[in-house]
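As a plain string of letters, each chain reads:
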Amino acid sequence: MGPPRLLRSLVLPLLSIDGWLPCSSRLQLLLSHCHCRLRWPCCADAFKLLLALLLVSAALAEVRYIASSSMAPTLRPADRAVAEKITYFFRRPSIGDIVFFKVPTALQNYGVNKDVVFIKRILATPGDFIEVRQGELIVNGVAQKEHYVSSHASYTMEAMRLPEGHVFVMGDNRTNSCDSRSWGPLPTSNIIGRYMMSFTRPSSSIQ
């Protein structure tokens, strides 16, 4: 049984006209017959695509400048650290995470600009009991082994239980860090992202 009349009327003229043409020419003729056109995106479209990619990348991660020594020796002044923004879509902030966050209201009330971003380590999460005895950090009654701190400063902090929606953060440089010991638990809603990696300057360039 032959093809329907309409199909023959579309196909047979093409076969009869370009039977002698090479394949590339046949394809061009077929596309022109079907009123199809292939084209590269114009400059405006390419710019829009690049802008969209930049916006997506900014939504997933950003690079932050380390301005102080509060996280030494883990991070040093003038390091560039990458904050990724994906992890906390899938899980809650955990003990040991290093996080970037907007300054809490308590610091803003003392004149700290609301656009300033801090970086500290999470040491306790909602519901945990945390205290410090002679410089030793104790969480839920268990003394913590903190290999990352620069030195164990001798100080004491009264035991407290963290409310829901808050974490307790401190810098690894305990003698030079403005953290939850001064202004209290950090609302998790202030967290911008989790520290992923850093770019460190050569030691010779550090003042």
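Above this text sits the structure in question.
Below or above, wherever it landed, is the structure these notes cover. Computed from a prediction, not measured in an experiment: that's the story for all the values here.

1. Some points on the pattern of salt bridges
Pairing of side chains with opposite charge becomes possible as their charged atoms draw close. Taken as a whole and assessed by the stated rule, the structure comprises 10 salt bridges. Put simply, Lys85 and Glu62 hold a salt bridge, and the shortest N to O gap is 2.5 Å. A residue pair is termed long-range when its members are at least 10 positions apart, and Lys85 in the loop between strand E2 (80–84) and strand E3 (98–102) and Glu62 in strand E1 (residues 61–65) qualify at 23 residues. Residue class for Lys85 comes out partly exposed when judged on its relative accessible area of 22%. Ionic pairing is found between Lys114 and Asp115, a salt bridge with its closest N-O pair at 3.5 Å. As far as the burial class goes, Lys114 and Asp115 line up, both exposed. Put simply, Glu62, Arg64 and Lys85 are held in one network by salt bridges that share partners.

2. Section: the pairing of strand E6 (residues 136–139)
Examined bridge by bridge, strand E5 (residues 129–133) and E6 share four bridges and lie antiparallel to one another. Of the residues in E6, the one forming a bridge with Arg133 is Glu136. Taking the residues that link successive antiparallel strands as the turn, the E5-E6 hairpin has two residues, and the phi of Gln134 there is positive, at about 50°. Turn length for the E6-strand E7 (residues 142–143) hairpin, with the two strands adjacent in sequence and antiparallel, is two residues, and the turn residue Asn140 shows positive phi of about 55°.

The rules we used
- Residues numbered from 1 in each chain as written.
- Predicted model: local features only at pLDDT ≥ 70, side-chain atom pairs only at ≥ 80, totals over all residues.
- Heavy atoms only, no water.
- Salt bridge = Lys/Arg side-chain N within 4 Å of Asp/Glu carboxyl O.
- Helix = DSSP H or I, 4+ residues; strand = E, 2+ residues; numbered from the N terminus.
- Buried < 20%, exposed > 50% of the residue type's maximum accessible area, 1.4 Å probe, protein only.
- Pairing = 2+ DSSP bridges.

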